[in-house]
Amino acid sequence: MQKQQLTVVVRVRPLNSAEKARKAFQCVFPLDKKRVLLVDPEKFENNILRQNRQHERKFEFDATFGAVSNQEDVHETTTGPIIDSVVQGFNATVFAYGATGSGKTFTMIGTKERPGLMTLMTKALYEKLDGQYQVLLSYMEIYNEIIRDLLNPTGGDLELLEDERGNIRVPGLSSVKAPNLSRIMQILQEGNLRRTQEATMANKTSSRSHALLQVMIVKNQSLHSKLFMIDLAGSERASNTQNRGIRLKEGAAINRSLLALGNVINSLASKTTKYVNYRDSKLTRLLKDSLGGTAKTCMIAHVTPSSSNFEETYNTLMYASRAMNITNKPVRNRPASADQVYAEAMNAIRKEMGSQIKNSSSISGLAARNGLPERTGSRSRPKSISRNSSLTRAPAASTTIDRGRGGSLFTQLKEQYMTLSDKQRKLREKLMAINQEAYSLEMSLISKNAIINAWEKAHQDKTNDSVERLKQDGELQRVRLVELSDQRTKVEKALRKGDENASGLESRMRSLAATNEQREVVKLMVKMAEIEAQKISALSDLAIKGLIMDRTDTSIAKLQKYELVADRLIDGKLDEADRKKLEEEYRLIKNQFHYHLLPLKNIQTTVSWNSMLLPKINNNNNTIIMEERLNSASKKKSEISLPIIANGREKYPTSSAESTTDDDRVNSPVTERLPNI
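For clarity, every value in this text was computed on a predicted model and none was experimentally measured.

### Things to note about the pattern of salt bridges
Logical step 1: Enumeration over the complete set of coordinates arrives at 18 salt bridges.
Logical step 2: Two residues, R480 and E437, come together in a salt bridge whose shortest N-O distance is 2.8 Å. One end of the pair, R480, is in helix α12 (residues 465–512); the other, E437, is in helix α11 (residues 394–458), and 43 residues separate them in sequence.
Logical step 3: Judged by relative accessible area, R480 falls into the partly exposed class, the value being 26%.
Logical step 4: Exposure remark for E437: the relative accessible area of 32% places this residue in the partly exposed category.
Logical step 5: With a closest N to O distance of 2.8 Å, E492 and R488 form a salt bridge. Linking E492 with R488, this pair stays in helix α12, spanning 4 residues, or about one helical turn.
Logical step 6: With relative accessibility at 10%, the residue E492 sits in the buried group.
Logical step 7: Taken together, the shared-partner salt bridges connect D422, R425, K426 and E429 into one network.

### A short note on the packing of aromatic side chains
Logical step 1: Within this structure, the stated rule accounts for 3 aromatic pairs.
Logical step 2: Aromatic pair F59 and F61: ring centres 6.3 Å apart, planes at 10 degrees, arrangement stacked. Like F61, F59 is buried.
Logical step 3: Ring plane angle 80 degrees and centroid distance 6.2 Å describe the contact between Y97 and Y319, whose orientation is recorded as edge-to-face. Taken together, the positions of Y97 in strand β7 (residues 92–98) and Y319 in helix α9 (residues 310–323) put the pair 222 residues apart, joining distant regions of the chain. This pair shows no difference in class: Y97 is buried, exactly as Y319 is.
Logical step 4: The lysine or arginine in question, K296, covers the ring of F90, its NZ or CZ lying 4.7 Å from the ring centre.
Logical step 5: In this arrangement the basic side chain of R322 is found over the ring face of Y319, its NZ or CZ atom lying 5.6 Å from the centre.

### Observations concerning the UniProt feature "coiled-coil region" (unreviewed entry) in the chain
Logical step 1: Sequence positions flagged by UniProt for "coiled-coil region" (unreviewed entry) are, in local numbering, residues 410–437.
Logical step 2: Between the end C-alpha atoms of residues 410–437 the distance is 41 Å, and the span holds 100% helix and 0% strand.

### Some details on the nonpolar core
Logical step 1: Among the nonpolar cores identified, the biggest contains 46 residues, and F61 and L261 are the most heavily contacted of them.
Logical step 2: If one sorts the elements of this core by residue count, α9 sits on top with 6 residues.
Logical step 3: The contacts of F61, once residues within four sequence positions are left out, are V8, V10, K34, V36, L317, A320, S321 and M324.
Logical step 4: Core analysis: the second largest hydrophobic core is formed by 38 residues, A96, L129, L188 and L227 among them.

### What to know about the environment of E311
Logical step 1: Residue position: E311 is located in helix α9.
Logical step 2: In this structure, the C-alpha to C-alpha distance between E311 and D40, residues 271 residues apart in sequence, is 9.2 Å.

### Let's talk about the packing of helix α2 (residues 71–88) against helix α4 (residues 117–128)
Logical step 1: Where α2 meets α4, the closest approach of the two axes is 9 Å, and the angle between their N-to-C directions is 45 degrees. Comparing the axis directions of α2 and α4 gives the class oblique. Where α2 crosses over α4, the two elements pack in a sense that is right-handed. Taking contact as the criterion, the partners of Q71, E72, V74, H75, T79, I83, D84, V86 and V87 in α2 are, on α4, L117, L120, M121, A124, L125 and K128.
Logical step 2: A class-by-class count of the residues in the contact of α2 with α4 yields 9 nonpolar, 3 polar and 3 charged.

### Topic: the sheet that holds strand β3 (residues 28–30)
Logical step 1: The 3 strands lie next to each other as β3-β4-β5, forming an open sheet whose pairing is antiparallel. Edge strands, defined here as strands with exactly one partner in the open sheet, are β3 and β5 (56–60). Taken over all neighbouring pairs, the strand axes of this sheet differ in orientation by 20 degrees on average, direction set aside.
Logical step 2: In this structure, strand β4 (residues 35–39) lies alongside β5, joined through 5 bridges in antiparallel fashion. For R35, the partnering residue across the bridge sits in β5 and is E60.
Logical step 3: Of the strands in this sheet, β3, β4 and β5 touch α9, which is tilted by about 145 degrees from β4.

About the thresholds
Residues numbered from 1 in each chain as written. Predicted model: local features only at pLDDT ≥ 70, side-chain atom pairs only at ≥ 80, totals over all residues. Heavy atoms only, no water. Salt bridge = Lys/Arg side-chain N within 4 Å of Asp/Glu carboxyl O. Helix = DSSP H or I, 4+ residues; strand = E, 2+ residues; numbered from the N terminus. Buried < 20%, exposed > 50% of the residue type's maximum accessible area, 1.4 Å probe, protein only. Phe/Tyr/Trp six-rings, centres within 6.5 Å; stacked < 30°, edge-to-face > 60°. Lys NZ or Arg CZ within 6 Å of the ring centre and 35° of its normal. UniProt positions renumbered as here; feature names shortened; annotations may be inferred. Core = buried A, V, L, I, M, F, W, Y, C linked by side-chain atoms within 4.5 Å. Contact = heavy atoms within 4.5 Å. Axes fitted to C-alpha atoms, helices over the stretch in contact; angles between N-to-C directions. Parallel < 35°, antiparallel > 145°, perpendicular 65-115°, else oblique. Left-handed = near helix turned anticlockwise from the far one by under 90°. Nonpolar A, V, L, I, M, F, W, Y, C, P; charged D, E, K, R; others polar. Pairing = 2+ DSSP bridges.

Set out below in C-alpha cells:
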C-alpha cells in the first residue's frame, strides 16, 4: 500500500453584482495553473502602523481555476482521473469546501445549462462501464446534525452506525438502481429539489445542509467500488448573513460541523498529533475513510475574490494548504469471488468436523450405557484378543483419542499456515516498497554523479554551490541506499525462512489429511499462497516499469522543448542578443536531457526483487526460470541521440558508433560554442 497525498485544487469565482455594488475589489489572483496570490486589502490603506506588515501571500496547490474556467475544465483536470480509479476498484471521494456564497453548489451540482461535477462524473463513469456492472445511487443530507434521505423523504431521520470492522453505515438509507444516464439525472434533480436551501444576506440560494451523493458500483452481485460526491454547506458569519431564529441555529450547526472538519484536517496534517477525533460531527465520521483512510480523495476549495470576504478566503486557503499534507493509503477493493472458493471449503470442513464430533460423542455415550466396546469405524476393529482370549477395550479408546488428536492438530497446522501466509504477504509488500524507493534513488544518483563528474572534469580548481549541494544530496542518497540494502537482506531472509516453515507445515498437513476434503483444503491453501506471491511479484514489476515510464515521459517532454529551441536557432531570424540567450537555453536543455536520459540508458533489468525470489514456474511442461527473465531484461538498450544542428539543417545520426557526442560533428557558428557533454 503506497501512501498518496490528497488532491487539493482551488477555484476562484468572479465578482458578483452585489459585491461590485458595495465597491469591493478583487484580492485573489490566480498566477498560473498551480499558484494563487492573496492580497490583504489593508495594503491599499494609508495605515502607518501596518506599513511593514506582509500584505501578500502565495499559495500553491495541485491546480487552480480562475473566474474564466468552466465546469469541463475542472472535471478533466481533477475528477477525471478519479473515475478511472473507481472503475479499477478503488473507493474515491470528491468534496467541495469553502465559505458561503463561494460557488460550491455551482461546481458540484451546477445548472441545467452548465451541469456540475456530480453530473459530469456520473456521465464519465457510465461511458467507462460495460454490461457486467450495476450502478446504485444514494443521496442524503446532514441538516442540523440530522441525516435525511433525499430519495425517500418519508423515511424519517436516519442513524449513523459503525460495524465491528470500523466501517461507517447508515441503516435505512435507500439505494436506487440507475440503469442509464437519464435516470441518474432524474434522481439528482429529485434529490436537489428536496435539499434544504434558504436565502440569506450573503447568498440568495444558501445551502443549509451538507449533501452527500453515494455512487456504488456492483459487479457479480458484490460491491466493486464506491464514489462519494459531497457538497458541503458554507461557513458563515452571523454579522454578514444577518440571520435570526432558525437560520441562526442552522448556521451554528454548519459552523460546528465545519469546525470539526477543520480540526480533523489540522490533526491529520500535523506530524506530532497521533489521535484524530472524528466523533465531533457526523460529517467527519462519514469522511473518516476519505481523510487519512483508504480512499482516493479530491478536495475542491472555493474562494470569493471579494475584498469584503478576505478573512473567509484566507481561512479557506490555509485549510486547503494544510490538507495537502494529509496522506491516504488507497486500497483496491477485494472482490468477494476471490474468497468464495476458500470460504465454501472452510464451511464444508467445519460442517463435516462438527458432524463427526457429534456422532463420535453419541456412539461413545451409547457404548458406555450398554457396557459394549466402543466402535470408531467399520474398518478398525476396536476389540483385540489376548492370548487367553479375553476382550480388552484399551486399544479402542486409544484409537479414538489418537484420531481426535489428529483432527485437532490438522486444524492447528491449518491456522498456522494461514497466519504464516498473511505474514509472507506483508513481507512481500514491504519488499516491493523498498524496491521502488531504491530503484528511484539509483536513477537519481546516476544523473547526479554524471553532472558532478562532468563539472569536475571541466572545472578542476573551481567550486560551485549547486555542485556542492548535489554532492550532499548524493551522499544522503547513498546512505539511504545502504539502509535499503540492509532492509532488503533482512526481508528476503525472513521470506526464505517463512517459505521453509510453510513447506514444513504443508508436509505435516498432507501427512495428517485423512479425507479427500482435507487434502483438497491443503492443496487450495498452497495454491492461494503461490498465486498471492505471483500477484505481488507482478505488481512489483509493474511498479518498476512505471518508474521507468514516468522518467521516459519527462525525457520526451524535454526533447520536445529542445526541438522547439533548435528550430528557432535554425530559422536564424534573431538578433545577436536573442541568439545568445537562445544558445544558453539550448545548451541548458540539451544538458538536462542528456543527464535525465542516462539512467534509462543504464537500465540493467526491470525485474523486481519479489520476482527474483519466485521459484521456477511450471506451465504445461514448459519451465520458465527467473534467470532467463533477468537475461532477457538486461539486454543493452539502443542509445537515443539528439538531432545535430549543422549548416542550418537538422540531421539525425544513423548509428551511435559514428561519434561520441552531437557537438563533435557540428561546425556551424551557432553550435561550435555549445559544450561537450
